[in-house]
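A structural walkthrough
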Amino acid sequence: MAEAINKKAAIIGGGVIGGGWAARFLLNGWDVAVFDPDPQAERKINEVLANARRSLPALYDRSLPEEGKLTFHDDMAKAVSDAQWIQESVPEQLALKHKILAQIQAHAPSDCLIGSSTSGFKPSELQQGSIKPEKIIVAHPFNPVYLLPLIEVVPSAATDAATLEAGCDVLRSVGLKPLVVRKEIDAHIADRLLEAVWREGLWLVHDEVATTEEIDDAIRYGFGLRWAQMGLFETYRIAGGEAGMEHFIGQFGPALKWPWTKLMDVPELTPELTARIAQQSDDQSGHMSIRDLERLRDDNLVGMMRALKKSGSGAGGTINDHEASLPEPMPINDLPVTGDRQIPQSWTDYNGHMNEAHYVEVSSQASDRFMELVGADANYIASGGSYFTVETHVCYLHEISAGDHIRVTTQLIKGEGKKLHLFHRLINDEGAVAATIETMLLHVDLKTRRTSEPGGVVATNLAEMAKRHADLPKPDQLGRAIG
Ligand SMILES: NC(=O)C1=CN([C@@H]2O[C@H](COP(=O)(O)OP(=O)(O)OC[C@H]3O[C@@H](n4cnc5c(N)ncnc54)[C@H](O)[C@@H]3O)[C@@H](O)[C@H]2O)C=CC1
Ligand SMILES: C[N+](C)(C)CC(=O)CC(=O)[O-]
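In every chain, residue numbers begin from 1 and rise along the written sequence. Starting at A for chains and at 1 for ligands, labels are handed out in the order in which the entities are written. Where totals are concerned, whole chains, interfaces and linings use all residues; where local detail is concerned, this predicted model gives features only for residues with pLDDT of at least 70, and gives and counts side-chain atom pairs only at 80 or more.

With that settled, consider the overall build of the protein. Regarding its fold elements, the protein presents 16 helices and 14 strands. The dimensions of the protein, computed from C-alpha atoms along their principal axes, are 75 × 60 × 45 Å. Once C-beta atoms are placed from the backbone, each residue is buried if 20 or more other C-beta atoms lie within 10 Å of its own, exposed if 12 or fewer, and partly exposed for counts between those two. Going through the 483 residues of the protein one by one, you find that 30% of them count as buried. Only DSSP runs of H or I reaching four residues or more are called helices, and only runs of E reaching two or more are called strands; each is numbered from the N terminus.

So, about the pairing of strand β11 (residues 405-416). By this definition, two strands are paired if DSSP reports at least two bridges between them. Both strand β9 (residues 337-342) and β11 contribute to a ladder of 5 bridges, which runs antiparallel. Following the sheet pairing, Asp340 is matched in β11 by Arg407. For β11 and strand β12 (residues 419-427), the ladder comprises 9 bridges, and the chain directions are antiparallel. Looking at β12, one finds that Thr410 is bridged to His424.

The next subject is the site of ligand 2. Any residue qualifies as near a molecule or strand once its backbone-derived C-beta atom lies within 6 Å of it. Neighbouring residues of ligand 2: Ser119, Phe142, Asn143, Asp191 and Leu194. Among the residues forming the shell around ligand 2, the class breakdown is 2 nonpolar, 2 polar and 1 charged. Polarity classes work like this: nonpolar for Ala, Val, Leu, Ile, Met, Phe, Trp, Tyr, Cys and Pro, charged for Asp, Glu, Lys and Arg, and polar for all others, with Gly in that last group.

The environment of ligand 1 is made up of 23 residues, and the closest members are Gly13, Gly15, Ile17, Asp38 and Ser119. Among the elements that take part in the shell around ligand 1, helix α1 (residues 16-27) stands out by supplying 3 residues, more than any other. Residue composition of the shell around ligand 1, by class: 10 nonpolar, 10 polar and 3 charged.

Here helix α12 (residues 290-311) crosses helix α13 (residues 314-324) at 75°, and the two axes come no closer than 7 Å. With respect to α13, the element α12 is oriented roughly perpendicular. Residue-level inspection shows Met305, Leu308, Lys309, Lys310 and Ser311 of α12 in contact with α13, the latter providing Gly314, Ala315, Gly316, Ile319 and Asn320. A per-class count over the contact of α12 with α13 returns 4 nonpolar, 4 polar and 2 charged. Axes here mean lines fitted to C-alpha atoms, for a helix over just the part in contact, with angles spanning 0 to 180 degrees between N-to-C directions. Comment on the angle field: the value is read as roughly parallel under 35 degrees, roughly antiparallel over 145, roughly perpendicular from 65 to 115, and oblique elsewhere. Note on contacts: residues are paired as contacts if their backbone-placed C-beta atoms lie within 7 Å.

A word on the sheet that holds strand β2 (residues 31-35). Hydrogen bonding along the main chain pairs the strands of a sheet, whether they run parallel or antiparallel. Ordered in space as β3-β2-β1-β4-β5-β6-β7-β8, the 8 strands form an open sheet in which the pairing is mixed. Pairing within the sheet leaves two strands with one partner each, and these edge strands are β3 (70-73) and β8 (177-180). The mean angle between the axes of side-by-side strands here comes to 25°, regardless of whether they run parallel or antiparallel. For strand β7 (residues 150-154) and β8, the ladder comprises 4 bridges, and the chain directions are parallel. Across the sheet, the residue bridging to Ile151 is Pro178, located in β8. The sheet contacts of helix α6 (residues 161-173) involve β4 (85-88), β5 (113-116), β6 (136-140), β7 and β8, and relative to β8 the element is tilted by about 150°.

Splitting the protein by domain gives domain 1 (8-180), domain 2 (190-287) and domain 3 (337-469). Boundaries of every domain are those given by an automatic assignment or by a domain database. Distance between the C-alpha centres of domain 2 and domain 3: 47 Å.

This next bit is on unusual backbone geometry. The step from Asn143 to Pro144 runs through a cis peptide bond, and the omega angle for that step is 0°. Mapped onto the secondary structure, Pro144 falls in the loop between β6 and β7. A positive phi angle, near 65°, is found at Asp82, a position not held by glycine. With respect to the helices, strands and loops of the structure, Asp82 is situated in the loop between α3 (76-80) and β4. Judged by local crowding, Asp82 falls into the partly exposed class, with 14 C-beta atoms found within 10 Å. Positioned with a positive phi, Asp334 is a non-glycine residue whose angle comes to about 65°.

The next point concerns the confidence of the model for the protein. A residue's pLDDT is the confidence the predictor assigns to it, expressed on a 0 to 100 scale. Model confidence for the protein is summarised by a mean pLDDT of 95, while 98% of its residues fall at 70 or above. Interface confidence for the predicted complex, given as ipTM, is 0.98, next to a pTM of 0.91.

Glancing now at the nonpolar core. Only buried Ala, Val, Leu, Ile, Met, Phe, Trp, Tyr and Cys residues enter a nonpolar core, and they are joined through C-beta atoms within 7 Å. Within the largest apolar cluster, 55 residues are counted, with the highest numbers of intra-cluster contacts made by Ala10, Ile12, Ala22, Val32, Val34 and Ile86. Sorting elements by how many residues they give to this core places α1 first, with 7 residues. Residue contacts for Ile86: discarding those within four places in its chain leaves Ala10, Ile12, Val80, Ile104, Ala108, Cys112 and Ile114. Ala366, Val408, Ile427 and Ala435 belong to the second-largest nonpolar core, a separate cluster that totals 27 residues.

What follows is about α13. Listed as buried for α13 are Ala315, Gly316, Thr318, Ile319 and His322. The arc that holds the buried residues of α13, viewed along the axis, is 160°, so those residues lie on one side. Where α13 is buried, its residues touch β8 and α12. In this context, the arc is that of the directions from the helix axis out to the C-beta atoms.

On to the environment of Ile189, then. Within the secondary structure layout, Ile189 lies in the loop between β8 and α7 (190-206). Given 16 C-beta atoms within a 10 Å radius, Ile189 is considered partly exposed. Sequence separation between Ile189 and Leu179 is 10 residues, and the spatial gap between their C-alpha atoms is 9.4 Å. Leaving out residues up to four positions away in the same chain, Ile189 has contacts with Glu152 and Val181.

Below you can see the structure in the form of structure tokens.
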């Protein structure tokens, strides 16, 4: 069989942001070629990648594609040849970006789009002197690039609609949420907002009103939590109470003209102020290495984004959409695969392995998937029929650790009348059955909350599935009681 050919991304500049881009593409199945003259680039990217491997897959309840191949190059031409996407992430200096973009375009495939990670330059500035200005856009990510879905995509007058859409499709395919900025401006949308908050923070330290830690507390215990799920305007709509946004503006709008904010001025970043900020930051966080801080940040982000995934709000909706686009797993031993996932860090406990509670979560997801396969899907449930779990028995056979990949197969033991008797096997990458979960569900009428016969399509599908599973050997753990 011919080997599948992966897509290839070229990462030009592999620092904080280039490393994050490399991880996002690799973990979404792309090959990645990096060009960076820093002799430490390979080590740094591998460390970022290790953090990405423990966090990005943990956002999903399905496996990401098989990881692509990572290569490092000291020749720009080799790095960009055959690339379908090129991402420039060199330092924020316009002259350097012009030089690098010219070198890229001298060697890149002629139809290849180049995204620039620039935090502040407009695309028309980046395109100055370019031989193909229409192939350069701003694709501004957020740190950590492998976890945060937002990507500000900024076209210029030289960018046509089809190129822009094709670029957004590529970015969506690796789980990003393109926000197309309709009018190019310095620092796009998000950095305009971030700069305003940062400027105020600097003034508060300068005027000795607050330390770096106190400013961070003011954000993380309060409005930072609100912003992650509703942003600025939706939050303020609620703050206007039943009278809404107009009332809110009427009450707090005038304060914008009172001396609440420093607004446009920037404090002089003298050596003394810089040293004060650096010392306060060391006092606040110097007990942890940057990589440890990154892991803490990533674990918290995964937890918050998994909560958003449940409601589908904001970043959670992007993860759900990306998850739905991931390929379906193939059957194993004639059984449907009803789960295929990496075990997140947050599922492990003080014994250093997957906590017992999450086996039931895996079972619940596998039963849900099985229900979908026999037609008891979201539409069916909306029409008033569903299954309730009434009994579950778990056998823990081998330890499962954070980062392990498991697949779940489901054998139909009985699917007749109101009863749905399932047997799930959790299979690890060595092919061993790490756990079995036997579970009984009953069909219920959601209006009366009483058991009822399933609808025609579900009953027919179950009967067909039962025929296919009838000759399979009965599992050893079936009907097991404790003792
Ligand atoms: N750090 C951040 O929070 C964010 C930065 N950005 C943008 O990303 C870009 C890169 O920023 P960072 O990654 O933070 O900087 P960085 O300093 O961490 O990384 C820059 C990398 O570029 C490499 N480099 C320098 N000259 C080069 C050349 N001639 N060819 C190839 N590589 C070269 C350096 O060796 C370094 O590894 C900037 O445009 C920045 O505005 C965007 C979003 C967030
Ligand atoms: C500070 N910064 C301007 C480089 C920040 C960004 O561009 C985005 C981010 O990740 O905060």
